[in-house]
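Remarks on the overall topology
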Amino acid sequence: MSSAKKTPPIFCISSGKGGVGKTTFSVNLAAALADRGAKILLIDGDLGLGNVDVVLGLQVDHTIREAVEDGRDPASIILEVQQNLFVLPASSGVPEMAGLSHEDQHLLTNVLDAIIKDFDLVLVDTAAGIGDSVLWFNQWAQANIIILTPDPTSLTDGYALMKVLASRHGKKGFQLVVNNVKSKKEAMSTYTNMATVLKQFLQEIPSYLGPLPKDSKVVEAIRSQKPFLLAAPDCQAAKAIRVIASQLLEQEGI
Amino acid sequence: MAILTSKFLESVLNGAKEHGIKAHILPASKGLLLFAEGIAASEQCSLLKNKAAELHDEQTAPPVSDDQTENCQAPAGQSTIDCQVTVEERAQLFKFLNG
């Protein structure tokens, strides 16, 4: 598959609530898409507390912060993780980056616009919450993936995020993934309920990307700092992420 | 557009302080903008207008015009739409969890 010099599809992955598996999902989805031959850029959008490099066990020398603050060439910051999979890492322990001032947003736009055209598809793993950087990345992206779990806190925070994005920023077409489920039925029930509430109160009908099952292999892979797609390629979660990757590629015609 | 005197602004700041509101005066491209943490821009405009009218009655400062109140908006790219998740929304979200 060749790299087109046009703006690629950009998928922003958020959740509202932290700890629902956003980064693990992002890393493994990126790996699954790369396996299918698409050239993927995974941006760590948690600008002040980046974790993508940790999940992948990467040695990071430079981060997005240096491109934004010091004018460093962003191409020199990107790391090649495996064939077709590239990561733009974020800094850790830099609250100023998490705030993302208007000036930083402008600089970040320039930095990202300069590099994304070399890729077939871009994924952004955002921070938790509804802070400036989360909202900015969700506005910048064309597509918004929201990770939920069947827990009241996740449902509330995920809904709140979608409400802000829809009401204040006119975002539509949310794509939902239900993580950490015991069964497909539980995932579908979670999606259906969220879809009902979104339709009732926000006149918005989200699409369903699929479930990610609760899987002990996922925890083991996180601890070994490898994508579960590589550490346990036959586990249930790996099969589920491949289905979601195929769906996205088909959706984007890649 | 009304011009706010330093006496008027000082009065507003003192009033905010008395009510435990942390307020700052920030320079803006036109005139001055009063910013109080935790209060929506539209509400601040309304408070400012009321305060100006009150002071005007006391002949200490001119009132803020209606035009200025209507034009008082959040910075570009931001909106003041209240997105608080309501009790009804939350009840619906949790409905299926309880069977």
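Structural notes, computed from the coordinates. (Residues numbered from 1 in each chain as written. Chains lettered and ligands numbered in written order. Predicted model: local features only at pLDDT ≥ 70, side-chain atom pairs only at ≥ 80, totals over all residues.)

With that settled, consider the nonpolar core. One finds A:Ala30, A:Leu33, A:Ile40, A:Leu123 and A:Ile241 to be the most contacted residues of the largest nonpolar core, which totals 86 residues. Apart from the residues lying within four places of it in its own chain, the contact partners of A:Ile40 are A:Ala30, A:Leu33, A:Ala34, A:Asn84, A:Leu85, A:Phe86, A:Phe119, A:Asp120, A:Leu121 and A:Leu123. (Core = buried A, V, L, I, M, F, W, Y, C linked by C-beta atoms within 7 Å. Buried ≥ 20, exposed ≤ 12 C-beta atoms within 10 Å, placed from the backbone. Contact = placed C-beta atoms within 7 Å.)

Contacts between chain A and chain B engage 14 residues on the former and 12 residues on the latter. At the level of elements, α7 (152-169) and α8 (184-202) of chain A are the ones that each hand at least two residues to the side of chain A that touches chain B. Looking at the side of chain A that touches chain B residue by residue, the class counts come to seven nonpolar, five polar and two charged. (Helix = DSSP H or I, 4+ residues; strand = E, 2+ residues; numbered from the N terminus. Nonpolar A, V, L, I, M, F, W, Y, C, P; charged D, E, K, R; others polar.)

Relative to the elements of secondary structure, A:Gln83 occurs in the loop between β3 (79-82) and β4 (85-88). For the pair A:Gln83 and A:Thr190, spaced 107 residues apart in sequence, the C-alpha to C-alpha distance is 35 Å.

Here the focus is the pairing of strand β7 (residues 175-181) of chain A. Residue and element names in this part refer to chain A. Burial analysis of β7 places six of its seven residues in the buried class, which makes it a mostly covered element. Here strand β6 (residues 143-148) pairs with β7 via four bridges, running parallel. What sits directly across from Ile-145, in β7, is Gln-175. Bridge count for β7 against strand β8 (residues 207-213) is six bridges, and the pairing is parallel. Counterpart to Val-177 in the pairing with β8 is Gly-210. Regarding the hand of the β-α-β motif, the stretch spanning β7, α8 and β8 is right-handed. (Pairing = 2+ DSSP bridges. Right-handed = clockwise from strand over helix to strand, strands pointing away.)

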